[in-house]
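The residues making up each chain are set out below.
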Amino acid sequence: MVAGRPSSSPAVRDVDVVLDAVGGDYAPRSLRTMRRGGVLVAIVFSQREQVKAMAREYGVRVEHLTVEADHAGMEAIADLVAQDRLRVEIDDVLPLEKAAEAQQRGETGRTTGKLVLTVAARQAG
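Conventions and cut-offs
- Residues numbered from 1 in each chain as written.
- Predicted model: local features only at pLDDT ≥ 70, side-chain atom pairs only at ≥ 80, totals over all residues.
- Heavy atoms only, no water.
- Pairing = 2+ DSSP bridges.
- Helix = DSSP H or I, 4+ residues; strand = E, 2+ residues; numbered from the N terminus.
- Right-handed = clockwise from strand over helix to strand, strands pointing away.
- Salt bridge = Lys/Arg side-chain N within 4 Å of Asp/Glu carboxyl O.
- Buried < 20%, exposed > 50% of the residue type's maximum accessible area, 1.4 Å probe, protein only.

What exactly am I supposed to notice about the pairing of strand β1 (residues 15-20) here?
Here is the key point about a regular strand: its side chains alternate between the two faces of the sheet. With five bridges joining them, β1 and strand β2 (residues 34-42) adopt parallel strand pairing. Counted as the bridge partner of Asp20 is Ala42 from β2. Note on the crossover from β1 through helix α1 (residues 26-31) to β2: the handedness is right-handed.

So what exactly am I meant to see when it comes to the pattern of salt bridges here?
As a working rule, side chains carrying opposite charge can pair if their charged atoms are close by. Enumeration over the complete set of coordinates arrives at seven salt bridges. Ionic pairing is found between Arg29 and Asp25, a salt bridge with its closest N-O pair at 3.3 Å. Two residues, Arg61 and Glu63, come together in a salt bridge whose shortest N-O distance is 2.9 Å. With relative accessibility at 36%, the residue Glu63 sits in the partly exposed group. One network of salt bridges, in which partners are shared, links Asp91, Asp92, Glu101 and Arg105.

I would appreciate a short explanation of unusual backbone geometry in the present structure.
Only a minority of non-glycine residues have a phi that is not negative, and only a minority of peptide bonds are not trans. The phi dihedral of Asp14 falls on the positive side, at around 60°, and the residue is not glycine. Assignment of secondary structure puts Asp14 in the segment before β1. Of note in this structure, Asp84 is not a glycine but carries a positive phi near 60°. The exposure class assigned to Asp84 is partly exposed, which follows from its relative accessible area of 46%.

See below:
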């Protein structure tokens, strides 16, 4: 066991890349799921030094991505959508449980559009 790592095993393992657009404790928790040599890309970067230290311990590279809003560009894209000049071609819609199948299909290069994964809403009960 690596110092600082909880002994319980995460539900997800050997993740290559994590994109943290949430911040808070998301990055430290995500590190537990990653394989050595993986990359954590943070858009929202809280606890920067702590996360970098933990990442070194886990053998994970950390990158910080700065995203700047481009209001004019977003308006131009919205106008193209409104004019029906920009559309997304969807090849298929699959449940999240078929993510591996979607990945395999995408890697063939034979899809005619995007493969969309849907997440079922949790039911109370």
